[in-house]
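Architecture at a glance
Given next are the chains, with one letter for each unit.
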Amino acid sequence: MSSVSGSPAFQAVEGDEEVIIGLEVHCQLDTKTKLFCGCSTDYRDDGPNTHVCPICLGLPGSLPAVNRKAVEFALKVAKALNCRVLEESEFSRKNYFYPDLNKGFQISQYDKPLAVEGWLRIEGDDGEKTVRITRVHMEEDPGRLVHKGGADRPKYTLVDYNRAGIPLIEMVTEPDIRSPKEARRFLNKLRATLEYLGVFDSEKEGSLRVDANISIQPRGWFEAHGKGMEGRGRTEVKNISSYKGVEKALTFEITRQKNLIRRGQRLETATRHFVETRGVTTASRSKEMEQDYRYFPEPDLVPLRVSDWCERIVLPELPDARQNRFMDEYGCSYNHARTLTGDLRVAEFYEKVAAVDPRIAATWVADTLLGELNYRDMNIAKVSPSHFIELLQMLKEDVITDKSAVEVLRVILDQLAEGCQCEAPSSCVARLNLAKTADDGLDAVIEEVMREHPQAVEDFHNGRKEALNFLVGQVMRKTRGRVDPGDVNRRLREILPPGGT
Amino acid sequence: MISERDVLHIAELADIGITREELDEFTGQFNDILDYFDILDQVEAGAGAETGLYNVFRDDEVVPSLPPDEILGNAGETEDDFFRAPRVM
């Protein structure tokens, strides 16, 4: 039965709403040259307009030619996202007026994209879920604009075309995402997948950009009608360029839309701009409707027939498969396996150090190391696996306590963060005298503590259990964590006169 | 058929002001261009851009770019090796 607005098929409950999100993700494909010319894509450390030629400048008479590698990379993505590759696809001109486009149009794909109808599994708010991929297509990156003369009202624009023509892959999802957190998880999974494929480098600045469509609907409405409610138009938030930015922009937008709905206002479909520095979205002047782009097939390029290439593509192990293997092969917990495989560099680091002891390594990489790196905003690529192996070895052989290991790790990471050559963990342990105190040494410390705190000893004797914790704490303090608190506790119970109960 | 409203809309998207006289002139020119397509429409179906060609590629090999002074040589205005354009925000 088809459900009509107002029919009994759907009953809206006031105040019970859900967020409907769809994403358009643009990633730069990690080729050596641009999509339609031989200019190098390695432009980030160079001055403006140094990676430009007549083709990417769109000079009259220049002819674009498609980079085969870019198509191969895009097909890998299409296959990994379980898409159907169209038998024939083609490039189209998307016309609009803006100085980031030197030609007055962007070469993109329109009604014949490379691939359609895929999906990606993510961890949703209520367990695993599938996000459907509408389409995957290729296009060229526009140039970069610098607005000069006052942040609020720039006086003029500077244009650098080094980025113009870099191959982009655009991936569009169905409106299957239900929260900003799910949006972030989707992006993380997508990033990991693209990096596993070796077609994308997320470390490169500006290599990812996201537009997010978001609206708030009465719960169940969207599913029942396949579209939003009248007066609940969606916002397209543009200009999101970081993973954290997506969650921030969407959270802001939900609050903004909810406030308008509460005041009984209609929401029209609109385009807004995310301002990363302020964490807000602002209305943007965007009057272009689809027909204004005057899409038409690019006359300078012939169509692609590449669907049969897919059979030849052998996909590498992707994040889900690696996660399962980490659980089987290394005995990782589900959470550890998920964390360790969520980033290609982390997964590879773990595999390099796991031989020492897979479980100790999993805990120390997934929990400790990633936390410490995150705190310093550092990349795991800076950490030497051989140093980490040394640290794990000392832990495994009980040479240092957990607490000392954290200290060594922090010292080393701080050295790396300052750009210094870091010392080997073993020399750090020696220099800071962090090796575990031998048992006889421990007894000496315990006796010293008991001498200094006779009242606590007395209290313990009188059955006050907190006194024991106090004494353990004092021993830990004197040894600066070089002893295991469990050992201290055990030894104290042996040494102390039995407590009356 | 292109109306004066269509021309005004396109002028607005391009962020250019046009005069009353230009509006008449451009509307006439737009329609003249469209009339040529009527001629093309008389050609038998299938005579479009059918070249039989597909999959024309180049390899992913770097070709030197042009030096910035050549790139910027034809620019109306430049600043620090950037093209300089009017305000767009």
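So, a few notes on the structure that sits alongside this text.

About the thresholds
Counting restarts for each chain: residues are numbered from 1 in the order of the written sequence. Chains and ligands are labelled sequentially in the order written, the chains with letters from A and the ligands with numbers from 1. This being a predicted model, a pLDDT of at least 70 is required before a residue's local features are given, and a value of 80 or more before pairs of side-chain atoms are given or counted; all residues contribute to the totals for chains, interfaces and linings. As a rule here, side-chain values come from all non-hydrogen atoms in the structure, and water together with hydrogens is ignored. Secondary structure is summarised from DSSP: a helix means a run of H or I of at least four residues, a strand means a run of E of at least two, and numbering begins at the N terminus for each. Residue burial is assigned from relative accessible area. The probe radius is 1.4 Å, only protein chains are included, and a residue is buried under 20% of its type maximum, exposed over 50%, and partly exposed in between. Residue contacts follow a heavy-atom distance rule, with two residues in contact if any of their heavy atoms lie within 4.5 Å. Where accessible areas are quoted, they stem from the Shrake-Rupley method and a 1.4 Å probe; at the residue level, only the protein chains shown are allowed to cover. When charges are counted, Lys and Arg contribute as positive and Asp and Glu as negative, whereas His and the chain ends are disregarded. Taken as the charge centre is NZ of Lys, CZ of Arg, CG of Asp or CD of Glu, depending on the residue. Using C-alpha atoms as the atom set, the radius of gyration is obtained and then compared with a globule rule of 2.2 Å times the number of residues to the power 0.38. For our purposes a nonpolar core is just a set of buried Ala, Val, Leu, Ile, Met, Phe, Trp, Tyr and Cys residues, chained together by side-chain atoms within 4.5 Å. Source of the domain bounds: an automatic or database domain assignment. Computed with a 1.4 Å rolling probe, the buried area is the accessible surface lost when two parts are put together, summed over both parts. Put simply, a salt bridge is a Lys or Arg side-chain nitrogen that is within 4 Å of an Asp or Glu carboxyl oxygen. For the purposes of these results, a polar contact is taken to be a pair of N or O atoms within 3.5 Å, where, inside protein, one atom must be able to donate a hydrogen and its partner to accept one; residues adjacent in sequence count only when each atom of the pair is a side-chain atom. Here, any two strands with at least 2 DSSP bridges between them count as paired. Surface patches are drawn from residues lacking salt bridges whose relative accessible area is over 30%; two like charges belong together within 9 Å, two nonpolar side chains (Val, Leu, Ile, Met, Phe, Trp, Tyr) within 5 Å. In this analysis, the expected span of each helix is defined as 1.5 Å times one less than the number of residues it contains. For helices, the axis comes from a line fit to the C-alpha atoms of the stretch in contact; other axes are also lines fit to C-alpha atoms, and the angle between any two N-to-C directions lies between 0 and 180 degrees. Roughly parallel means an angle under 35 degrees; roughly antiparallel means over 145; roughly perpendicular covers 65 to 115; every other angle is labelled oblique. By definition, turning the near helix anticlockwise from the far helix through less than a right angle yields a left-handed crossing, and turning it clockwise yields a right-handed one. Think of it as three bins: nonpolar holds Ala, Val, Leu, Ile, Met, Phe, Trp, Tyr, Cys and Pro, charged holds Asp, Glu, Lys and Arg, and polar takes everything else, Gly as well.

**Examining the overall build of chain B**
- Helix and strand content of chain B: three helices and three strands.
- Ordering the α and β elements of chain B from the N terminus gives α-α-β-α-β-β.
- Taken along its principal axes, the extent of the C-alpha atoms in chain B is 45 × 45 × 20 Å.
- Out of the 89 residues in chain B, the part that is buried amounts to 18%.
- Counted over contacts in chain B with a minimum sequence separation of 6, partners at least 24 positions apart contribute 23%.
- When the accessible surface of chain B is summed, it comes to about 6,800 Å², and 54% of that surface belongs to carbon and sulfur atoms.
- Considering chain B, the positive charge centre built from 5 side chains and the negative charge centre built from 23 side chains are found 10 Å apart.

**Some thoughts on the overall build of chain A**
- Tallying secondary structure elements over chain A gives 15 helices and 15 strands in all.
- Taken over the C-alpha trace, chain A has a radius of gyration of 29 Å; the compact-globule value for 501 residues is 23 Å, which it surpasses by more than 25%.
- C-alpha extents for chain A along the principal axes are approximately 90 × 60 × 55 Å.
- Each of the 501 residues in chain A was classed as buried or not, and the buried ones make up 51%.
- Taking all contacts inside chain A whose residues are at least 6 apart in sequence as the whole, residues at least 24 apart take part in 71%.
- Total accessible area computed for chain A in this model is approximately 24,000 Å², and 48% of it derives from carbon and sulfur atoms.
- Here chain A holds 71 positive side-chain charges and 79 negative ones, and the gap between their average locations is 4 Å.

**Some words on the nonpolar core**
Residues and elements named next belong to chain A.
- Ranked by internal contacts, the top residues of the largest apolar core, which has 108 residues, are Leu-23, Val-25, Met-171, Phe-186, Tyr-350 and Phe-388.
- With eight residues, helix 1 (residues 68-80) is the largest single contributor of residues to this core.
- Counting only domains with at least three residues in this core, you end up with domain 1 (12-312) and domain 2 (319-431).
- Each residue touching Val-25, except ones within four places of it in the same chain, is listed here: Ile-169, Glu-170, Met-171, Phe-186, Leu-187, Leu-190, Leu-208, Arg-209 and Val-210.
- Membership of the second largest hydrophobic core comes to 18 residues, among which are Val-449, Met-450, Val-488 and Leu-492.

**A short note on the interface of chain B and chain A**
- Across the boundary between the two partners, chain B contributes 33 residues, which contact 51 residues of chain A.
- Taking both partners together, chain B and chain A bury about 3,700 Å²; carbon and sulfur atoms supply 60% of that area.
- Looking at the side of chain B facing chain A, the largest losses of area belong to B:Phe57, B:Arg58 and B:Asp60, adding up to 21% of the total buried there.
- Across the chain B-chain A interface, the total number found is one salt bridge.
- A:Arg68 is the partner of B:Asp59 in a salt bridge, and the nearest nitrogen-oxygen pair spans 3.6 Å.
- Inspection of the region where chain B meets chain A yields 19 residue pairs in polar contact (both at pLDDT 80 or more).
- A per-element tally of the side of chain B that touches chain A places strand 3 (residues 82-86) of chain B first, with five residues.

**A closer look at the sheet that holds strand 15 (residues 296-297) of chain A**
All names here are of chain A.
- The strand order across the open sheet formed by three strands is 5-4-15, and the pairing between neighbours is antiparallel. Each end of this open sheet is capped by a strand with a single partner; those strands are strand 5 (105-108) and strand 15.
- Relative to strand 5, strand 4 (residues 92-95) is paired through four bridges, and the arrangement is antiparallel. If you follow Ser-92 over to strand 5, its bridge partner there is Ser-108.

**A word on a negative patch on the surface**
- On the surface, a cluster of negative charge is made up of B:Asp32, B:Asp35, B:Asp38 and B:Asp41.
- Of note, B:Asp32 is situated in helix 2 (residues 20-41).

**Re the side chain of A:Thr33**
- Looking at the secondary structure, you find A:Thr33 in the loop between strand 1 (17-28) and strand 2 (66-67).
- For A:Thr33, the residues in contact, after removing those within four places along its chain, are A:Gly38, A:Cys39, A:Thr41, A:Asn67, A:Pro167, B:Arg58, B:Asp60, B:Glu61 and B:Val62.

**With respect to the environment of A:Val488**
Residues and elements named next belong to chain A.
- Mapped onto the secondary structure, Val-488 falls in helix 15 (residues 485-495).
- The sequence separation of Val-488 and Leu-416 amounts to 72 residues, and the corresponding C-alpha distance is 34 Å.
- If we ignore the near neighbours within four places in the chain, the residues touching Val-488 are Leu-442, Val-472, Val-475, Met-476 and Val-483.

**Points about helix 2 (residues 180-196) of chain A**
All names here are of chain A.
- Taking 1.5 Å per residue as the helical rise, helix 2 with its 17 residues ought to reach 24 Å, and the 24 Å between its terminal C-alpha atoms agrees with that figure.
- Of all the 17 residues making up helix 2, 13 are buried; the element is thus mostly covered by neighbouring parts of the structure.
- Directly after helix 2, the chain includes Gly-198, whose backbone phi takes a positive value near 75°.

**Re the sheet that holds strand 10 (residues 167-173) of chain A**
Residue and element names in this part refer to chain A.
- Strand order in the open sheet made by the nine strands is 3-6-7-10-1-11-12-13-14, with mixed pairing throughout. Whereas interior strands pair on both sides, the edge strands pair on one side only; in this sheet they are strand 3 (84-85) and strand 14 (280-283).
- Looking at chain direction, strand 13 (residues 270-275) and strand 14 are connected through four bridges and run antiparallel. Pairing of Phe-274 across the sheet is with Thr-281, part of strand 14.

**What about a nonpolar patch on the surface?**
- Taken together, the side chains of B:Ile33, B:Leu34, B:Tyr36, B:Phe37, B:Ile39, B:Leu40 and B:Val43 define a hydrophobic patch exposed on the protein surface, amounting to about 700 Å² of accessible area.
- Structurally, B:Leu40 is set in helix 2.

**Topic: the packing of helix 2 of chain A against helix 4 (residues 243-262) of chain A**
Residue and element names in this part refer to chain A.
- Remark: helix 2 packs on helix 4, axes separated minimally by 8 Å, with the N-to-C direction vectors making an angle of 160°. Compared by their axis directions, helix 2 and helix 4 come out roughly antiparallel. Pair helix 2 / helix 4 crosses with right-handed handedness. Contact with helix 2, carried on its side by Pro-180, Lys-181, Ala-183, Arg-184, Leu-187, Asn-188 and Arg-191, involves Tyr-243, Val-246, Glu-247, Leu-250, Thr-251 and Ile-254 of helix 4 and no other residues of that element.
- Here the contact of helix 2 with helix 4 is built from residues that sort into seven nonpolar, two polar and four charged.

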